[in-house]
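# Residue-level structure breakdown
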Amino acid sequence: MAKVFITGSADGLGLLAAKELIKQGHKVVLHARNEKRGQEALKQIPGAKHVLIADLADLDEIKALGEKANAFTFDAVIHNAGVYQTSAQQLLDVNTLAPYLLTALMHKPERLIYLSSGMHLSGKPDWTELPSYSDTKLHVLMLAKVLARKWPDVHANAVDPGWVPTKMGGAGAPDDLQKGYETQVWLATSDDQATRVSGQYFHHQQQARYNRAADDVKAQDRLLAECARLTGVAL
Ligand SMILES: NC(=O)c1ccc[n+]([C@@H]2O[C@H](COP(=O)([O-])OP(=O)(O)OC[C@H]3O[C@@H](n4cnc5c(N)ncnc54)[C@H](OP(=O)(O)O)[C@@H]3O)[C@@H](O)[C@H]2O)c1
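These remarks concern the structure in this document. Since we're looking at a predicted model, the values are computed, not measured.

Quick look at the environment of Asp11 now. In this structure, Asp11 sits in the loop between strand 1 (3–6) and helix 1 (12–23). Overall, the presence of 18 C-beta atoms within 10 Å leaves Asp11 in the partly exposed class. A sequence separation of 29 residues divides Asp11 from Glu40, and the C-alpha atoms of the two residues are 9.4 Å apart.

So, in structure tokens, the structure goes:
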């Protein structure tokens with residue numbers, strides 16, 4: 001039985017991953033943006049006992065979430081919460097800085113999973129103004145690759161769930177919704193040797209083609225330095 005924390009588990013892929021993990025007998029701690037969404041999440045996922053609250057667009061709330069999460073011990077953390085059609089500032093805060101800060105502040109679990117996207121392929125590692133969605137999804141892959149270098153005792157990987165019909169993906173999204181959360185659940189809990197890797201990019205439980213800019217160690221270090229500067233927290 002694994003203990004798993006999932007950000008953004010009041011809806012979409014986070015909620016579905018939480019349900020599946022509980023169905024398989026694992027323990028899950030949920031996360032939602034506010035109390036109301038937290039109560040809605042607990043109602044939808046009866047097997048979950050705890051929900052932690054934080055608006056991931058607010059750096060102080062992310063920092064407080066890191067502290068609250070450290071009251072628990074987790075085997076795996078799924079950095080799932082994300083935004084797509086919103087301001088560039090929110091993209092930066094929710095998609096890049098929240099996973100960075102939580103990773104830096106929380107006790108190290110054995111496994112870290114970051115929700116990337118096929119759209120990261122057109123992302124750029126550096127940003128001069130504010131990043132695009134594609135940039136932020138490249139950032140989390142780069143973060144997984146940084147951790148593979150710096151934290152050899154941790155399995156940190158990124159996942160492209162496909163274009164699936166959630167609130168974000170929209171009703172017309174063409175890919176399989178179940179396949180959209182299975183890979184995260186597998187990476188968080190499976191004994192399969194294929195999950196015992198780090199710094200890799202997965203799609204449907206297979207390593208997949210990714211933007212090679214993510215391998216640039218100097219760009220990875222620049223990203224870390226920029227995240228540290230913006231948050232005041234070093235990894
Ligand atoms: N759906 C796709 O086709 C697709 C494709 C590629 C990658 N992804 C990635 O997969 C992940 C999950 O996406 P999804 O499709 O499940 O999206 P979703 O249905 O929109 O769910 C996103 C989750 O993140 C939470 N969230 C967003 N902003 C937040 C904030 N400021 N503070 C706290 N929580 C916040 C949402 O809370 P509320 O419910 O309260 O808004 C929700 O629980 C994302 O990282 C996304 O980028 C999705």
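In this section: the site of the ligand. For the ligand, the set of nearby residues contains 26 residues, the closest of which are Gly8, Gly12, Gly82, Thr166 and Gly169. Residues that form the shell around the ligand fall into these classes: 13 nonpolar, eight polar and five charged.

What the eight strands build is an open sheet, ordered 3-2-1-4-5-6-7-8; its pairing is mixed. The sheet is open, and its two borders are formed by strand 3 (50–53) and strand 8 (206–207), each paired with just one other strand.

What follows is about the nonpolar core. Ranked by size, the top nonpolar core spans 63 residues in total, and within it Val4, Ala17, Ala18, Leu30 and Leu141 carry the most contacts. Ignoring sequence-local partners within four residues, the contact set of Leu30 consists of Ile6, Ser9, Ala18, Ala41, Leu42, Ile45, Ala48, His50 and Val51.

Attention now moves to the environment of Gln24. Tracing the backbone through its elements, the reader meets Gln24 in the loop between helix 1 and strand 2 (27–32). Considered as a pair, Gln24 and Thr189 are 165 residues apart in the sequence and their alpha carbons are 9.7 Å apart.

Take helix 4 (residues 88–105) next. Along its 18 residues, helix 4 runs 24 Å from first to last C-alpha, staying within 8% of the 26 Å computed at 1.5 Å per residue. In the structure, helix 4 departs most strongly from a straight axis at Leu97, where the bend amounts to approximately 45° and where the proline Pro99 lies between one and four residues downstream. With 13 of its 18 residues buried, helix 4 lies for the most part within the structure.

With that settled, consider the pairing of strand 5 (residues 111–115). Among the five residues in strand 5, five count as buried, and that is most of the element. Across four bridges, strand 4 (residues 76–79) lies against strand 5 in parallel orientation. Looking at strand 5, one finds that His79 is bridged to Tyr114. Crossover connection from strand 4 via helix 4 to parallel strand 5: handedness right-handed. Note: strand 5 against strand 6 (residues 155–159), five bridges, orientation parallel. Counterpart to Arg111 in the pairing with strand 6 is His155. Taken together, strand 5, helix 5 (residues 133–150) and strand 6 constitute a β-α-β crossover, and its handedness is right-handed.

So, on to helix 3 (residues 59–69). Among the residues making up helix 3, those that are buried are Ile62, Leu65, Gly66 and Ala69. Seen end-on, helix 3 carries its buried residues on one side only, within an arc spanning 105°. Facing away from the buried surface of helix 3 by more than 90 degrees, the exposed residues are Asp60 and Glu67. Those residues of helix 3 that are buried lie in contact with strand 1, strand 3 and helix 4.

Turning our attention to the pairing of strand 1. Sheet topology note: the strand 1/strand 2 ladder contains three bridges and is parallel. Across the sheet, the residue bridging to Phe5 is Val29, located in strand 2. Where the polypeptide runs from strand 1 across helix 1 and back to strand 2, its parallel neighbour, the crossover connection is right-handed. The sheet contact formed by strand 1 and strand 4 spans three bridges and is parallel. Its bridge partner lying in strand 4, Val4 is registered against Ala76.

The rules behind these values
- Residues numbered from 1 in each chain as written.
- Predicted model: local features only at pLDDT ≥ 70, side-chain atom pairs only at ≥ 80, totals over all residues.
- Helix = DSSP H or I, 4+ residues; strand = E, 2+ residues; numbered from the N terminus.
- Buried ≥ 20, exposed ≤ 12 C-beta atoms within 10 Å, placed from the backbone.
- Near = placed C-beta within 6 Å.
- Nonpolar A, V, L, I, M, F, W, Y, C, P; charged D, E, K, R; others polar.
- Pairing = 2+ DSSP bridges.
- Core = buried A, V, L, I, M, F, W, Y, C linked by C-beta atoms within 7 Å.
- Contact = placed C-beta atoms within 7 Å.
- Expected span 1.5 Å × (residues − 1).
- Bend = angle between axes of the 7 residues up to and from the residue.
- Right-handed = clockwise from strand over helix to strand, strands pointing away.
- Arc of directions from axis to C-beta.

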